Amino acid sequence: MIPDDLPRRFRLIRAVDVTGPSGTGHVADGVLWPDDTATVHWRGERVSNVHWTGGLADVEAVHGHGGLTTVEWID
């Protein structure tokens, strides 16, 4: 188990690409920070980063597409 004061890495795994540009499979890498904010780095043709002050709840609300994209923990 990771101590609460260390970041945790995750991947976003997408089964179905609802909007088109992300594709399927391992589509993004992320970090959940100790203050419960999250950063997501999108892979693919149009690489981008987004920081969510609402943490993983915001990541899943915006990018989860009703369970079609899931979080896979690395740490």
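Look a little higher up for the structure.
All values reported here derive from a predicted model rather than from experimental measurement. Throughout this description, residue numbers start from 1 for each chain and increase along the sequence as written. Selection of residues for local features in this predicted model requires a pLDDT of at least 70, selection of side-chain atom pairs for listing and counting requires 80 or more, and totals for whole chains, interfaces and linings are taken over all residues. The basis for the side-chain values is all heavy atoms of the structure; hydrogens and waters are excluded.

Undergrad: Teacher, can you tell me more about the pattern of salt bridges here?
TA: As a working rule, side chains carrying opposite charge can pair if their charged atoms are close by. Whenever Lys or Arg places a side-chain nitrogen within 4 Å of a carboxyl oxygen from Asp or Glu, that contact is recorded as a salt bridge. All told, the structure shown has three salt bridges when counted by the stated rule. In this structure, the salt-bridge partner of Glu72 is Arg11, at a minimum N-O distance of 2.9 Å. In this pair, Glu72 is assigned in strand E5 (residues 69–73) and Arg11 in strand E1 (residues 8–14), connecting sequence segments 61 residues apart. Three labels apply to residues, based on accessible area from a 1.4 Å probe with only protein chains included: buried if under 20% of the type maximum, exposed if over 50%, partly exposed otherwise in between. A relative accessible area of 35% places Glu72 in the partly exposed class. Between Asp29 and Arg43 there is a salt bridge, with its nearest N and O atoms 2.9 Å apart. Residue Asp29 is found in strand E2 (residues 25–32), and its partner Arg43 is found in the loop between strand E3 (38–42) and strand E4 (48–52); the two are separated by 14 residues along the sequence. Residue Arg43 is classed as partly exposed on the basis of its relative accessible area of 41%. A helix here means a DSSP run of H or I that spans at least four residues, while a strand means a run of E at least two residues long, and both kinds are numbered starting from the N terminus.

Undergrad: Whenever I open this one, the nonpolar core confuses me. Can you help?
TA: Soluble globular proteins tend to pack their nonpolar side chains together in the buried interior. Ranked by size, the top nonpolar core spans eleven residues in total: Phe10, Leu12, Val27, Ala28, Leu32, Ala38, Val40, Trp42, Trp52, Leu56 and Val59. Going through the elements one at a time, E1, E2, E3 and helix H1 (55–63) are the ones with two or more residues in this core. Ignoring sequence-local partners within four residues, the contact set of Leu32 consists of Pro7, Arg8, Phe10, Thr37, Ala38, Leu56 and Trp73. Note on terminology: a nonpolar core comprises buried Ala, Val, Leu, Ile, Met, Phe, Trp, Tyr and Cys residues joined through side-chain atoms within 4.5 Å. In what follows, residue pairs with any heavy atoms lying within 4.5 Å of each other are defined as contacts.

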